[in-house]
Amino acid sequence: MIAKQIAQNVALALALLGAPLAAQAAAEIIIVNADGPGEGFNDPTPVLPIGGNTGTTLGQQRLNAFQFAADIWSKQLTSAVPIRIKSNFDPLTCDKDSATLGSAGALLINRDFAGAPRANTWYHGALSNKLLGADDFEGEPVIRARFNSNLGQANCLEGGGFYLGTDGKHGKLTDLVGVLLHEFGHGLGFSNLTNGQTGKQQSNIPSSWDHLLYDLTTQKTWAEMTDAERVASGINSRKLIWRGANVTQASPKVLQAAPELRISGMASVAGLYQIGTASFGPQITNNGPTSEVMPVVDQADGRGLACEPLSTSNAQAIRGKTALIDRGACTFSVKVKNAQLAGAVAVLVADHTAGSPPPGLSGDDPTITIPSVRITKDDGDKLKLALKNRSRNRSGIFAALGISATQRAGADEQGRLLMFAPNPYQPGSSVSHFDTSASPDLLMEPFNTESVKRNLDAPFDLTFPLLKDLGW
Ligand SMILES: [Zn+2]
């Protein structure tokens, strides 16, 4: 059939950075061992059984973990056609501090088959076979999965290898089953077949993903855009949404209310700001008091780093207020602690590097009791300009950190999920994941998260609702 094609460049890497199942569902998933003798799944190195994985060789334990993750997916999906995943363990890119864990994507894609929901539209091979009700690829694997065989060895995140148990108790190791659930999700349909960096579609034909990916600025789907419009949309952070009914309907059952920063008092800076939340200090779970914003100024060039205990004049300026501090020179928690000691009630850390959305504030300090968030460099610059008109302890600009009455963390005001679209573009991550502002964390966010999700459907997760939107 002319419509079939080998998928190009759709494998998505997962970088290390830090339920109840439908009873009637069933789809057979077959792990096709593509490793050579003595390596990967065939590695004969003896190992002890671990965390529910009874294999006694390294290769067998790897295979068991793959089959375990495949079985979780197979209970969720329905298809009359077995889904074959060509799988390897190979040496992949890594060094002392970072590593590619593995990747997976569609190996074969299809269009204009009998039963296709949309004409002239690409579908992942596994989904097209399900919709067709027959194997259009004559037993060929439709998904490709490659994982890093060196992970945890010398010069490859040494000591930080895969946990091969199936019970999720992975400790400091990387939970292979959790990573596999994520990666298989990509292979089954959770990835755009259109290149978000160049805007180019495969053979100038839109993917099923393109029809549901919607830009709030241009008010167009990716299927309606030119290549150049898609390139711009791919970095339109927190303005790119998923317009599928199943995800939108399920999102209030899964996501918590969104934290928000509202600035008021001066028209030129008033409004809602994009924020990155802190991993230390209190979680923003309710509406705190509104307080005046005052900058810390402790550098000759006008910046305020707050890396040292604050001077008397800075302390007087921010006491009882929201301190605006610049990123740089010391950790976020040191800055926030210094502001707290000087009497600030909240902290805004302005980024020193352009880009959006603002990432979270990492770090750890159990003695921090005030909330803090990161704002973008652009927003920080805008606030600092407006703050030039302040007196010694009054600015007339107010900040309120609180919980949105209308919005869930990771969705827009209509409950439509935000898709990951950072600026600059992140190949392998952008456009084909949920945005990192989702809370609680979702399986299909771009980074390996600590919390392992073994549930793919609402009220725990939104991975399966998205696949349903595509036709699963
Ligand atoms: Zn991914």
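Looking at an unreviewed UniProt entry, one finds the protein chain named PA domain-containing protein, with Chitinivorax tropicus as its source organism.

## Looking at the UniProt feature "domain: PA" (unreviewed entry) in the protein chain
Following the UniProt record, one finds the feature "domain: PA" (unreviewed entry) at residues 295–383. Helix makes up 27% of residues 295–383 and strand makes up 17%, while its end C-alpha atoms are separated by 9 Å.

## Concerning the nonpolar core
With 69 residues, the main nonpolar core has F66, I83, F184 and L466 as its most contacted residues. Top contributing element to this core by residue count: helix α3 (residues 176–188), with seven residues. Two domains each donate at least three residues to this core, and these are domain 1 (29–188) and domain 2 (215–254 + 412–470). Not counting chain neighbours up to four residues away, the residues in contact with I83 comprise A27, E28, I29, I30, L77, A126, V142, I143, L188 and W472.

## Observations concerning helix α1 (residues 58–76)
For α1, which comprises 19 residues, the first-to-last C-alpha distance of 28 Å matches the rise-based estimate of 27 Å (1.5 Å per residue) to within 8%. Turning to α1, its buried residues are G59, Q61, R62, A65, F66, A69, A70, I72, W73, S74 and Q76. Looking at the buried residues of α1, the elements they touch are β3 (29–33), β4 (83–90), β8 (143–148), α3 and α9 (463–470).

## Details of the sheet that holds strand β11 (residues 213–215)
In a beta sheet, neighbouring strands are held together by backbone hydrogen bonds and run either parallel or antiparallel to one another. If you trace the three strands from one edge of the open sheet to the other, you get β12-β11-β13, paired in antiparallel fashion. For this open sheet the edge positions go to β12 (220–221) and β13 (240–242), each flanked by a neighbour on one side alone. Sheet topology note: the β11/β13 ladder contains three bridges and is antiparallel. Following the sheet pairing, D215 is matched in β13 by L240.

## Describing the coordination of the zinc ion
Think of it this way: four donors in a tetrahedron around the metal ideally sit 109.5 degrees apart, and six in an octahedron ideally sit 90 or 180 degrees apart. Distances from the zinc ion to its protein donors, namely H182 (NE2), H186 (NE2) and H433 (NE2), fall within the range 2.0 to 2.1 Å. In the primary structure, the donors to the zinc ion are separated according to the pattern H-x3-H-x246-H. With H186 in helix α3 and H433 in the loop between β21 (398–408) and α9, this residue pair connects regions lying 247 residues apart in the sequence. By relative accessible area, H186 is classed as buried at 0%. Overall, the relative accessible area of 0% leaves H433 in the buried class.

## Side note on the environment of G402
If you trace the backbone, G402 turns up in strand β21. According to the relative accessible area criterion, G402 is buried, its value standing at 4%. Separated by 117 residues in the primary sequence, G402 and T285 have C-alpha atoms spaced 7.0 Å apart. The contacts of G402, once residues within four sequence positions are left out, are A258, P259, E260, I284, N286, N287 and G288.

Rules and cut-offs
One numbering rule holds for all chains: residues counted from 1, following each sequence as written. Under the rules for a predicted model, residues below a pLDDT of 70 receive no local features and side-chain atom pairs below 80 are neither given nor counted, while totals for whole chains, interfaces and linings still include all residues. As a rule here, side-chain values come from all non-hydrogen atoms in the structure, and water together with hydrogens is ignored. UniProt positions are given in the numbering used here, feature names are shortened, and annotations may be inferred rather than shown by experiment. Each helix corresponds to a stretch of at least 4 residues labelled H or I by DSSP, and each strand to a stretch of at least 2 residues labelled E; elements are numbered beginning at the N terminus. We define a nonpolar core as any set of buried Ala, Val, Leu, Ile, Met, Phe, Trp, Tyr and Cys residues linked to one another through side-chain atoms lying within 4.5 Å. When accessible area is computed with a 1.4 Å probe and restricted to protein chains, residues below 20% of their type maximum are described as buried, those above 50% as exposed, and intermediate ones as partly exposed. An automatic or database domain assignment provides the domain bounds reported here. Throughout, a residue-residue contact means that at least one pair of heavy atoms, one from each residue, lies within 4.5 Å. Multiplying 1.5 Å by the helix residue count minus one yields the expected span of that helix. Should DSSP find at least two bridges between two strands, the strands are taken to pair. Note that water is not among the atoms used; donors are N, O and S atoms within 2.8 Å of the metal (3.2 Å for Na, K and Ca), so sites may look incomplete.

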